[in-house]
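# Examining the three-dimensional arrangement
Listed below are the residues making up each chain.
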Amino acid sequence: MAKGKMVAVFYCQSCGYESSKWMGQCPGCRQWNTFVEETVSTTEMKSAAGMRKPIKEKAQPRVLSEITIKDEDKILTGIGELDRVLGGGIVQGSLTLVGGDPGIGKSTLLLQVCRNLADAGHKVLYISGEESGTQIKIRADRIGSFSNNMLLLCETSLDTIEEIIRRQKPEVVVIDSIQTMYNDSVSAAPGSVSQVRESTAVFLQLAKGLGVSIFIVGHVTKEGTVAGPRVLEHMVDAVLYFEGDRHASYRILRGVKNRFGSTNEIGVFEMEAAGLKEVMNPSEFMLSGKPEEASGSIVVCSMEGTRPMLIEIQALVCHTSFGIPRRQTIGTDFNRVNLLIAVLEKRLGLTLGNCDAYVNIAGGIRITEPAIDLGIAMAIVSSFKNKSIDNKMIAIGEVGLSGEVRAVSQIQARVQEAKKLGFTSCVIPAVCLESVKEIKGIKITGVKTVKDAMNLL
Ligand code: TYD
Ligand code: MG
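Residues numbered from 1 in each chain as written. Chains lettered and ligands numbered in written order. Predicted model: local features only at pLDDT ≥ 70, side-chain atom pairs only at ≥ 80, totals over all residues. Heavy atoms only, no water.

## Description of the overall build of the protein
Selection rule: Secondary structure elements follow DSSP: runs of H or I no shorter than four residues count as helices, runs of E no shorter than two count as strands, and numbering proceeds from the N terminus. Here the term buried applies to any residue with accessible area under 20% of the maximum for its type, exposed to any over 50%, and partly exposed to those in between, with areas from a 1.4 Å probe on protein chains only. By the convention used here, residues are in contact when the closest approach between their heavy atoms is within 4.5 Å. Areas reported as accessible are Shrake-Rupley estimates using a 1.4 Å probe. Residue values count occlusion only from the protein chains shown.
For the protein, the helix and strand inventory stands at ten helices and 23 strands. Once the C-alpha set of the protein is aligned to its principal axes, its extents read approximately 75 × 50 × 50 Å. Looking at the protein residue by residue over its 457 residues, the buried ones come to 49%. By sequence separation, contacts in the protein at least 24 residues apart represent 68% of the contacts at least 6 residues apart. Summed over its atoms, the accessible surface of the protein is roughly 21300 Å², and 52% of this surface lies on carbon and sulfur atoms.

## Details of the state of the cysteines
Applied cut-off: In this description, the term disulfide denotes a pair of cysteine sulfurs within 2.5 Å.
Evaluation of the coordinates by the stated rule reveals zero disulfides. No disulfide involves C432; its sulfur sits 10 Å from that of C426, the nearest cysteine. Judged by relative accessible area, C432 falls into the buried class, the value being 4%.

## Points about the packing of helix α7 (residues 334-348) against helix α8 (residues 373-385)
Going by this rule: Only the stretch in contact is used when fitting a helix axis, every axis being a line fitted to C-alpha atoms; angles between N-to-C directions are given from 0 to 180 degrees. Orientation labels follow simple angle bins: below 35 degrees gives roughly parallel, above 145 gives roughly antiparallel, 65 to 115 gives roughly perpendicular, and whatever is left gives oblique. Each helix crossing is assigned a hand: it is left-handed if the near helix lies turned anticlockwise from the far helix by less than a right angle, otherwise right-handed if that turn is clockwise. Basically, the charged four are Asp, Glu, Lys and Arg, the nonpolar ten are Ala, Val, Leu, Ile, Met, Phe, Trp, Tyr, Cys and Pro, and anything else, Gly included, counts as polar.
Interhelical geometry of α7 versus α8 gives an angle of 60° and a closest axis separation of 10 Å. When the axes of α7 and α8 are compared, the pair comes out oblique. When the axes of α7 and α8 are compared, the crossing they make is right-handed. Of the residues in α8, those in contact with R336, V337, L340, I341, L344 and L348 of α7 are D373, I376, A377, I380 and V381. The class makeup of the residues in the contact of α7 with α8 is nine nonpolar, no polar and two charged.

## Re the site of ligand 1
For clarity, the threshold we go by: Any residue with a heavy atom lying within 4 Å of a molecule or strand is counted as near it. Polar contact is the term for a pair of N or O atoms within 3.5 Å; when the atoms are in protein, one must be able to donate a hydrogen and the other to accept it, and sequence-neighboring residues count only if both atoms are side-chain atoms.
Close to ligand 1 lie 15 residues; G103, S107, T108, E272 and G275 are nearest. Between G103 and ligand 1, the recorded distance is 2.7 Å, taken from a backbone N or O atom to an oxygen atom. Between R142 and ligand 1, the recorded distance is 3.1 Å, taken from a side-chain N or O atom to a nitrogen atom. Where the shell around ligand 1 is concerned, the elements lending two or more residues are α2 (106-119), α3 (133-143) and β13 (266-272). Considering only residue class, the shell around ligand 1 consists of five nonpolar, five polar and five charged.

## Section: α3
Note the cut-off: Each direction from the helix axis to a C-beta atom contributes to the arc, which is the arc of those directions.
For α3, the complete set of buried residues consists of I136, R139, A140 and I143. Down the axis of α3, the sector holding all buried residues measures 100°, keeping them to one side. Along α3, the residues that are exposed and aim more than 90 degrees away from the buried face are T134, K137, I138 and R142. Residues of α3 that are buried make contact with α2, β7 (124-128) and β8 (150-154). At the C-terminal side of α3, G144 shows a positive phi close to 150°.

Structure below.
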């Protein structure tokens, strides 16, 4: 335990802002009621990690042009969806944070990664501070058989972990989870901001110094009771968030920061009885169960990274029984839908003022891309007029306040995806027609305004 005078420090649980007194609002991230008191000793306020011995005694600058990158520096995880989000595999010596709500499948995913890596002959160390060896074995049995390259350690003390990593020299280490790790030189409880930050600093040194790739699991809770992994976001090389509806079986892995690749990529997984399975064709998955000949339903195309994804939008417009009409959205921006309703009232003269309107993105996914505007508008009008939209039609386009349909990016990829999944007609912004004239086998209609689009219904 560290020596020195004990003082109370207040940390913001959301961003790690440090203050000597309690504050209602964090000056750093503007969140309310996030300060929590932690007792630290005066010596450790200088940062425990900063006082550690450097791992390499002799640091030498190198000529940049002489550093070569080999393909072998990236280790493939054997899970294509994860490799893409990581930017082509695990980079040697990288520190990756995997965040997400409890129970979303972080441990399962990383255990599967460990199995694949061990099978491919890499030495892997899985460190769990949450579950016992038996519990992990039960989970591992659901996933499959493991080779002898996979080592397991149930430990929370950082000193022990550091010693074992140095001795065993694994290629990849998984820390499950950072909130359970305990650094002796910090007096605050595990899971507190100072513990989480110091532990991460130690793993950062290990990763860079020894060249091991480390995955850190971090829990996020809405109440912020456990120190949010937001504190560590700027320390690590990549931050992946695992999200998804608890009740739906699919999970989405999203990169929010990546020093080695693009951050727009997503990976789609499905939770099954034997672990997570990659969803190769998310569009097909999202459209399964789409009603036929129902009013208020249309398919749109949203870009998730470099990949187009077809999604069904549903709208329900009905006469309101109360004075003020009710508007509700699930999976998309509420204000955007209100704006589109106002555009429809003004530009098409629809009397939506006395109607309740509900808009739902089917499948529980969340999309805020403006390219789905035209689809939302068409779904609302279709439900209002109680006229169903052609089953094999998709709509792409952003809608402006004067009712114009504006251009969207990567129109070719979107139309190709629609064609691939058997759609026969496609409504796109008129300004984009030029770029898709080579695509044959699907009827493409360009529209200038929402009014033009509604005439197609
Ligand atoms: P877990 O990986 O423990 O979540 P986290 O580490 O993010 O807290 O996942 C737990 C959930 O996944 C749990 O509700 C059970 C479910 N699950 C399956 O459906 N199939 C499986 O093969 C496994 C291992 C877990
Ligand atoms: Mg877990």
